[in-house]
Amino acid sequence: MPDDRPIGMFDSGSGGLTVARAVLDLLPNEPLVYFGDTARFPYGDRSVAEIRSFAREIARFLLDRDVKMLVVACNSVEVAGIEELTDRAGVPVIGVIEAGVRAGLRATRNGRVGVIGTVATIESGAYLRAVAREDGEVRLVSAACPAFVPHVERGDTTSPELLAKARGYLQPLVAEEVDTLILGCTHYPLLSGLLQVVMGPDVVLISSAEEVAKDVYAALVRDDLLRREARPPVHEFLCSGDAGSFAELGRRFLGPEIDQVRPQSVQPAREGSGWS
Ligand code: DGL
């Protein structure tokens, strides 16, 4: 049955807007409710238990808003507990890791692939497992880049300080001569210019965003959830921190679709709600 409800999407902040952009481009008829947990980013330095409890709160909040699908536009949330969300949500749940791995394996020519992400993502080993499942021959070299997200959330994607940090983080991947780099954090596509300079022009940078958008479309078709209404959809952008600065950053990163951001706090999941 056609379904006019919105797609719910969330991240710790504005990184997930890279996924939102790809979804809006591919599915211009679908309404989106986006939540950025800007009061509590970065997630990547937090414990798995903490990230998981934030994810539960946000998922429950979005499901209360009657979304027809959840897009976890955050690698750090996915490694901390996408299985639980998938089991309990009662709507399709789409992540970003398989999508990035698929595109990375398609792109590599020499079988040496790099992945960068937050400490939580890299320490989880999720990319190593996902690559091994798909292709045991490929060598995956990983590096955590904890300073990147705070720079992006400040709107800094090009400064000399950031470039120096990137050179340090990526040096082992350059030394291993990876020919493909998976951006294992949804904030990192916003650093593509800088990352390309550090890695060199021949290295293919992989953002999962476009692949995720295709997965979203495939799931909507599979479950007959596409919106049929012809009127342009209305999107909602919400964040837990300062709405003004999120709107400003969001307009730079995502574009004019973000005309207004509403501040929104989420409550800890209640005992007995199935999400506690
Ligand atoms: N954008 C998120 C990710 O993909 C993480 C950012 C953070 O550390 O908050 O992992």
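Up top you'll find the structure we're talking about.
The structure presented is a predicted model; accordingly, all values stated were derived computationally and were not measured. (Residues numbered from 1 in each chain as written. Predicted model: local features only at pLDDT ≥ 70, side-chain atom pairs only at ≥ 80, totals over all residues. Heavy atoms only, no water.)

A. Seen up close, the environment of Glu78. Looking at where Glu78 falls in the secondary structure, it is placed in helix H3 (residues 75-89). With 62 residues separating them in the primary sequence, Glu78 and Leu140 have C-alpha atoms 19 Å apart. Residues contacting Glu78, with those up to four places away along its chain left out, are Val72, Gly95, Val96, Ile97 and Glu98. (Helix = DSSP H or I, 4+ residues; strand = E, 2+ residues; numbered from the N terminus. Contact = heavy atoms within 4.5 Å.)

B. Spotlight on a nonpolar patch on the surface. On the surface, a cluster of nonpolar side chains totalling about 270 Å² of accessible area is made up of Leu26, Tyr217 and Val221. Note on placement: Leu26 falls in helix H1 (residues 17-26). (Patch = residues over 30% accessible without salt bridge, like charges linked within 9 Å, V, L, I, M, F, W, Y side chains within 5 Å. Areas by Shrake-Rupley, 256 points an atom, 1.4 Å probe, with all protein chains shown as cover. Salt bridge = Lys/Arg side-chain N within 4 Å of Asp/Glu carboxyl O.)

C. Layout of helix H10 (residues 209-222). The end-to-end C-alpha distance of H10 is 20 Å, a good match for the 20 Å that 14 residues give at a rise of 1.5 Å each. Listed as buried for H10 are Ala209, Glu211, Val212, Ala213, Val216, Ala219 and Leu220. Where H10 is buried, its residues meet strand S1 (7-11), H1, strand S3 (69-72), strand S4 (93-94), helix H4 (97-107) and strand S8 (204-207). Once H10 finishes, Asp224 follows within two positions and takes phi at roughly 55°, a positive value. (Expected span 1.5 Å × (residues − 1). Buried < 20%, exposed > 50% of the residue type's maximum accessible area, 1.4 Å probe, protein only.)

D. Focus on empty space enclosed by the protein. Evaluated as defined, the whole model comprises two cavities of 30 Å³ or more. A volume near 70 Å³ is recorded for the largest cavity. Along the wall of the largest cavity there are 13 residues; nearest its centre are Ser12, Cys74, Ser76, Thr118 and Cys185. Among the residues making up the lining of the largest cavity, the classes are represented as five nonpolar, seven polar and one charged. Roughly 30 Å³ of internal volume is contained in the second largest cavity. Around the second largest cavity, the lining residues are Pro42, Gly44, Asp45, Thr118, Val119, Pro146 and Val149. Split into classes, the residues belonging to the lining of the second largest cavity amount to four nonpolar, two polar and one charged. (1 Å grid on protein atoms, 1.4 Å probe; cavity = no way out; pocket = protein on both sides within 12 Å on 5 of 7 lines; lining within 4 Å. Points joined across faces, edges and corners; volume = space filled by probe spheres on them. Nonpolar A, V, L, I, M, F, W, Y, C, P; charged D, E, K, R; others polar.)

E. A look at the packing of aromatic side chains. On inspection of all chains with the given rule, the structure shows six aromatic pairs. Plain terms: the ring middles of Phe148 and Tyr188 are 5.2 Å apart, the flat faces sit at 80° to each other, and that makes the pair edge-to-face. With Phe148 in helix H7 (residues 148-153) and Tyr188 in the loop between strand S7 (180-183) and helix H9 (192-199), the pair connects residues that are 40 residues apart, well separated along the chain. Pairwise contacts between aromatic rings join Tyr34, Phe237 and Phe246 into one cluster. (Phe/Tyr/Trp six-rings, centres within 6.5 Å; stacked < 30°, edge-to-face > 60°.)

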